[in-house]
Amino acid sequence: MRATWLATGAMILAACGGGEKPADTAAAPAAPATTAPAATGATHTVNMELQGSSYRFAPAELTVKAGDAVNFVNASGGPHNVQFHADSIPAGAAAVLDANMANRMGPLQGELVTVPNAAYAISFAGAPTGDYRFTCLPHAAMGMHGKITVQ
Ligand SMILES: [Cu+2]
């Protein structure tokens, strides 16, 4: 009888000890939401440019994988920037982008790239899959829009 009680007690202790480990590992994935994870995949280039009288992202549409990074290059006609539309990105993407975008001017709003051929890099590490629509604030009225699809 006593031996059974001890054995049961040991099992409970073992169960409790085992239960702590999943809790620790479950907490770990929350970290990338506040600290920008490094891009681990390919790096793509999107030129921000003035061609003739039209401002554009080239390519205007691009498909990447979560973990890839995109360099937005001020190829001509700058300054340019990247402004994601809060209502046209996947659920949960805003926090990831805000953490991954350096020197933001505001929510989902990349800094102005004023230096010719300078690039603004955005990591899509931890980014939910789906379509991300964005515009260039200085040239939004001129139709400078783009879309990145994260697979
Ligand atoms: Cu622009």
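Residues numbered from 1 in each chain as written. Predicted model: local features only at pLDDT ≥ 70, side-chain atom pairs only at ≥ 80, totals over all residues. Heavy atoms only, no water.

1. Things to note about the overall build of the protein chain
Within the protein chain one finds two helices and eight strands. When its helices and strands are written in sequence order, the protein chain yields α-β-β-β-β-β-α-β-β-β. Residues counted as buried form 32% of the 151 residues belonging to the protein chain. In the protein chain, the share of contacts with a sequence separation of at least 24, taken over all contacts with a separation of at least 6, comes to 72%. Here the protein chain has roughly 8200 Å² of accessible surface; of this, 60% comes from carbon and sulfur atoms. (Helix = DSSP H or I, 4+ residues; strand = E, 2+ residues; numbered from the N terminus. Buried < 20%, exposed > 50% of the residue type's maximum accessible area, 1.4 Å probe, protein only. Contact = heavy atoms within 4.5 Å. Areas by Shrake-Rupley, 256 points an atom, 1.4 Å probe, with all protein chains shown as cover.)

2. Regarding the coordination of the copper ion
For the copper ion, the full set of protein donor atoms is H80 (ND1), C136 (SG), H139 (ND1) and M144 (SD), at a range of 2.0 to 2.5 Å. Angles of 98 to 128° at the metal separate the four donor atoms of the copper ion, which places the site in the tetrahedral class. Taken in sequence order, the residues that donate to the copper ion follow the motif H-x55-C-x2-H-x4-M. Here the residue H80 occupies a position in the loop between β4 (69–74) and β5 (83–84), and C136 occupies one in the loop between β7 (130–135) and β8 (145–150), the gap between them amounting to 56 residues. (Donors = N, O, S within 2.8 Å, 3.2 Å for Na, K, Ca; no water. Tetrahedral: all angles 85-135°; square planar, octahedral: opposite > 155°, others 65-115°.)

3. A few points about the pattern of salt bridges
Pairing between side chains becomes possible if they bear opposite charge and their charged atoms approach one another. Tallying each qualifying case throughout the model produces three salt bridges. For the salt bridge of R104 with D98, the shortest nitrogen-to-oxygen distance reads 3.5 Å. Given a relative accessible area of 21%, D98 falls into the partly exposed group. Of the charged contacts, one joins K147 and D131 as a salt bridge, the two residues approaching to 3.8 Å between their closest N and O atoms. Note that K147 is positioned in strand β8 and D131 in strand β7, a separation of 16 residues in sequence. Of the residues examined, D131 reaches a relative accessible area of 33% and is grouped as partly exposed. (Salt bridge = Lys/Arg side-chain N within 4 Å of Asp/Glu carboxyl O.)

4. Thoughts on the sheet that holds β7
If you trace the four strands from one edge of the open sheet to the other, you get β3-β8-β7-β5, paired in mixed fashion. Whereas interior strands pair on both sides, the edge strands pair on one side only; in this sheet they are β3 (61–64) and β5. Of the strand pairs in this sheet, β3 and β8 are connected by four bridges, and their pairing is parallel. Following the sheet pairing, L62 is matched in β8 by I148. (Pairing = 2+ DSSP bridges.)

Taken by themselves, the reported measurements are silent on function.
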